[in-house]
Amino acid sequence: MIPIEHGVYEAVVVAKLSGFFGKIEPVTDLKYTVPIQKRVFDLVLTIPGFILALPLLGIVALLVRLKLGAPVIFHQERPGLNGEIFTLRKFRTMKNAYNREGKPLPDEERLTKFGRILRATSLDELPELINVLRGEMSLVGPRPLLVSYLDLYNHQQKRRHHVLPGITGWAQINGRNAISWQDKFELDVWYVDHYSVWLDIQILFHTILKVIRREGISQPGGATMEPFTGDN
């Protein structure tokens, strides 16, 4: 394996021997790894933060159980670093409600008042600290989106998976859900190219301000962000 520097993240190029004379095949796979300083930064903040947040996690979990029922935690597969799939954990914010055909009702009809409060305060994101501890996510990075979006990205947009997904990110402090998908992806790729520990610190600080001001929680005219179709 040959390490190749790509910004601060490192790409590992895999070359294979083939044929009778051991011919080296053209390189086709790039695997990006997490910088040690980013992993250390995440753990230094997340381990004590998770311990301190345990009482709050318990209170929110109890409220979700009482107001929305079981399950308390929302689990969903999402693509992470290098597009590898992991299970995202969040507190539920929507009720189970279906139409006559058995299909879920639109988000704005399933999102409860209590769920809106959780989203506005970002308390629904607290279980993602477990994903950070497991190394599946970082405190800062592009938000992990749906697996179904993977085939819709162009080459530039796919670069958002060259880094760990994050609980917050550059796009989240520059519009969050109030900006277009194209703008969001451009901000994600900008972060990939400019990552540094100092940038992460600044993003975390501005995230706190955004949560306090409750800015960009939803797209204008909708309860959540409209689905990405590849053209929007």
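Check the entry above for the structure.
Source: prediction; values computed, not measured. (Residues numbered from 1 in each chain as written. Predicted model: local features only at pLDDT ≥ 70, side-chain atom pairs only at ≥ 80, totals over all residues. Heavy atoms only, no water.)

1. Overview of empty space enclosed by the protein
Scanning the entire structure with this criterion turns up one cavity of 30 Å³ or more. Of the volumes computed, that of the largest cavity is approximately 40 Å³. Here the residues of the lining of the largest cavity sort into six nonpolar, two polar and two charged. (1 Å grid on protein atoms, 1.4 Å probe; cavity = no way out; pocket = protein on both sides within 12 Å on 5 of 7 lines; lining within 4 Å. Points joined across faces, edges and corners; volume = space filled by probe spheres on them. Nonpolar A, V, L, I, M, F, W, Y, C, P; charged D, E, K, R; others polar.)

2. Focus on a nonpolar patch on the surface
A contiguous nonpolar patch, built from Ile-36, Val-40, Val-44 and Leu-45 and spanning about 370 Å² of accessible area, is present on the exposed surface. By the element assignment, Leu-45 lies in helix H1 (residues 36-68). (Patch = residues over 30% accessible without salt bridge, like charges linked within 9 Å, V, L, I, M, F, W, Y side chains within 5 Å. Areas by Shrake-Rupley, 256 points an atom, 1.4 Å probe, with all protein chains shown as cover. Salt bridge = Lys/Arg side-chain N within 4 Å of Asp/Glu carboxyl O. Helix = DSSP H or I, 4+ residues; strand = E, 2+ residues; numbered from the N terminus.)

3. Structural notes on the pattern of salt bridges
Overall, the coordinates contain nine salt bridges when judged by the stated rule. With its nearest N and O atoms 2.6 Å apart, the salt bridge here joins Asp-200 to Lys-38. Of this pair, Asp-200 sits in helix H7 (residues 197-213) while Lys-38 sits in helix H1, placing them 162 residues apart in sequence. The class for Lys-38 is buried, based on a relative accessible area of 0%. The salt bridge partner of Arg-134 is Glu-136, with a shortest N-O separation of 3.0 Å. When its relative accessible area of 17% is taken as the criterion, Glu-136 is described as buried. The network of salt bridges with shared partners includes Lys-90, Asp-124, Glu-125, Glu-128 and Arg-143. (Buried < 20%, exposed > 50% of the residue type's maximum accessible area, 1.4 Å probe, protein only.)

4. Describing the packing of aromatic side chains
In this description, an aromatic ring pair is defined by two values, namely the gap between the centres and the angle between the planes. Counted under the stated rule, the structure contains nine aromatic pairs. Arranged with centres 5.6 Å apart and planes meeting at 85 degrees, the rings of Tyr-149 and Trp-181 form a pair that is edge-to-face. Of this pair, Tyr-149 sits in the loop between strand E8 (138-140) and helix H5 (155-158) while Trp-181 sits in helix H6 (residues 181-194); the two residues are 32 residues apart in sequence, bridging distant segments of the chain. Across the pair, Trp-181 and Tyr-149 agree in class, each one buried. Counting every residue linked through ring pairs, the aromatic cluster contains Tyr-149, Tyr-153, Trp-181, Phe-185 and Phe-228. Just above the ring of Trp-181 sits the side chain of Lys-184; from NZ or CZ to the centre is 4.9 Å. (Phe/Tyr/Trp six-rings, centres within 6.5 Å; stacked < 30°, edge-to-face > 60°. Lys NZ or Arg CZ within 6 Å of the ring centre and 35° of its normal.)

Honestly, that's just the spatial picture; any functional story needs more than this.
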